[in-house]
Structure formats: structure tokens, C-alpha cells
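# Secondary and tertiary structure notes
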Amino acid sequence: MKLQKKIAVIYKSKYGSTKQYAQWISIALEVPLFEASEIKPSQLEDYDVVIYGGGLYAGGIDGVKLVTKSLNKCKQLVVFTVGLADVKTTNFSDILSKAFTQEQLSDVKIFHLRGAMDYKELSLLHKGMMAMVKKDAEKTPTEKRTSDDVFLLETYGKKVDFMDKNSIKPIVEYVCSLDHNKDV
């Protein structure tokens, strides 16, 4: 597929899920792929469409400041997040409002994808954070636990993988629709 617009996929990944999704998107669109540390904010204006991917950690999108502080440099911004929460049932509004202003949110197209996690591979900091979240979930009365609480308690200390290459299809289709709409 030969796209008319100049498009880049940029990602920040700690454990590999976001990187894998970014690679799949880059390959599907046949566009360049950059790790966030490889690109300067000033380079964002070289692209008609910037696709940014970041993992969800501690209620935030990893590395998203690269694009939020440079939003005026991005002609069109598409963001995808990667986390363990079920994207069909999770409300991401708090996370998004921490990362973007209301005005920015109206100009950014956002997608949520499910990733993978191997507790053995987590950093000491992330293991500590997960232990605190687990303790909070355990303190919650059973009848008041959310589906995320139940999921965490069932999978704590294990390896889980929800990655699905097919889940990039809406992102690819959206970006292709931007290409057909020539004025960004």
C-alpha cells in the first residue's frame, strides 16, 4: 500500500507489547518506525500523521509528553495505548485527561489495545506497584470488586498475554482514511 501522506509510527515500550504493536502498524502501513528516544519533537512536523504508542503505567501513558508538548507540531495525531485492562469495559477517561487537555482530546484519535505481562520480567518498581494494587484489591469486599480487581487477583504473579495482531486493523483503517482525505 502506497500512502500519499508522510506518516511515522513512534512508540515507547518497557516490556515489549507496545513495541510489537508499533511494528505491526508500521509494517501494515509501510511507514517508518521510531523508538521515542530516537526522535526529537521538532521532527514531528516533518510528518502529516504521527501515530504514537505508549504503555499504560500508574494511570498514565508512557512517554506521551513527546507528542503532547509538541501537539502543535503534529498535523494529525493518532495515539494508541497498551495495557492489560479489557478495552471493552474499561473507562480510560481519567488516564486521557491526565495526558491531554480537553481541547487536545478533540484533535487526537485514540485507540486502546491489550498487551501482555510477565510478572517475572517486571522491574522492582513495577513489582512493588503491582503488589500495592493487589493489596488494595484484596481489601475490597468481594461483592464490590471490579472486573479489573478480579482479573488482577486471578493472574497476579503469572504471565498473561492478550496481544492480538488483528486489533490494529481499526488503526490502520483510520490512518488509511486520513490518506484518502488529502487535507490534514
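What counts, and at which threshold
- Residues numbered from 1 in each chain as written.
- Predicted model: local features only at pLDDT ≥ 70, side-chain atom pairs only at ≥ 80, totals over all residues.
- Heavy atoms only, no water.
- Helix = DSSP H or I, 4+ residues; strand = E, 2+ residues; numbered from the N terminus.
- Buried < 20%, exposed > 50% of the residue type's maximum accessible area, 1.4 Å probe, protein only.
- Contact = heavy atoms within 4.5 Å.
- Areas by Shrake-Rupley, 256 points an atom, 1.4 Å probe, with all protein chains shown as cover.
- Lys, Arg positive; Asp, Glu negative; His and termini not counted.
- Charge placed at Lys NZ, Arg CZ, Asp CG, Glu CD.
- Expected span 1.5 Å × (residues − 1).
- Arc of directions from axis to C-beta.
- Salt bridge = Lys/Arg side-chain N within 4 Å of Asp/Glu carboxyl O.
- Axes fitted to C-alpha atoms, helices over the stretch in contact; angles between N-to-C directions.
- Left-handed = near helix turned anticlockwise from the far one by under 90°.
- Nonpolar A, V, L, I, M, F, W, Y, C, P; charged D, E, K, R; others polar.
- Phe/Tyr/Trp six-rings, centres within 6.5 Å; stacked < 30°, edge-to-face > 60°.
- Pairing = 2+ DSSP bridges.

### Here's the deal with the overall build of the chain
Across its full length, the chain carries 7 helices and 8 strands. When its C-alpha atoms are laid out on the principal axes, the chain stretches across 55 × 30 × 30 Å. Across the 184 residues of the chain, 42% fall into the buried class. Contacts in the chain between residues at least 24 apart in sequence constitute 78% of all its contacts with a sequence separation of at least 6. Only carbon and sulfur atoms are counted for the fraction: they give 51% of the accessible area of the chain, which is about 10400 Å². In the chain, 27 positive and 24 negative side-chain charges are present, and the distance between their average locations comes to 3 Å.

### Observations regarding helix α5 (residues 124-139)
Taking 1.5 Å of rise per residue, 16 residues should cover 22 Å, and α5 covers 23 Å from first to last C-alpha, within 8% of that figure. Listing the buried residues of α5 in full gives H126, M130 and A137. The buried residues of α5 occupy an angular sector of 35° when projected down its axis, which confines them to one face. Facing away from the buried side of α5 by more than 90 degrees, the exposed set consists of L124, L125, M132, K135 and K139. Those residues of α5 hidden inside the fold are in contact with β3 (49-57), β7 (116-118) and α6 (147-155).

### Digging into the pattern of salt bridges
Tallying each qualifying case throughout the model produces 3 salt bridges. For the salt bridge of K14 with D62, the shortest nitrogen-to-oxygen distance reads 3.4 Å. Of the two residues, K14 is situated in the loop between β1 (7-12) and α1 (17-29) and D62 in the loop between β4 (60-61) and α2 (65-68); the sequence distance between them amounts to 48 residues. For D62, a relative accessible area of 12% puts it in the buried group. Between E138 and K134 there is a salt bridge, with its nearest N and O atoms 3.1 Å apart.

### A word on the packing of α5 against α6
α6 packs onto α5 with a crossing angle of 120° between their chain directions and a minimal axis gap of 10 Å. Considering only the axes of α5 and α6, their crossing is left-handed. For the pair formed by α5 and α6, the contact residues are M130, V133, K134, A137 and E138 on the first element and D149, L152 and L153 on the second. Partitioned by chemical class, the residues of the contact of α5 with α6 number 5 nonpolar, no polar and 3 charged.

### Some words on the packing of aromatic side chains
Taken as a whole and judged by the stated rule, the model has 4 aromatic pairs. Between F34 and Y47 the ring centres are 6.2 Å apart and the planes differ by 65°, which places this aromatic pair in the edge-to-face class. In this pair, F34 sits in strand β2 (residues 33-35) while Y47 sits in the loop between β2 and β3, placing the two residues 13 residues apart along the sequence. Residue Y47 is classed as buried on the basis of its relative accessible area, which comes to 9%.

### Focus: the pairing of strand β6 (residues 108-114)
Along β6, 5 of the 7 residues are buried, which leaves the element largely enclosed by surrounding structure. Bridge analysis of strand β5 (residues 77-83) against β6 gives 7 bridges, and the strand direction is parallel. Within β6, the position partnered with L77 by the bridge is V108.

### Describing α1
Helix length check: α1 (13 residues) gives 19 Å between terminal C-alpha atoms against 18 Å at 1.5 Å per residue, within 8%. Taken together, the buried positions of α1 are S17, T18, Y21, A22, W24, I25, S26 and L29. Positive backbone phi, at 55°, marks E30, one or two positions downstream of α1.

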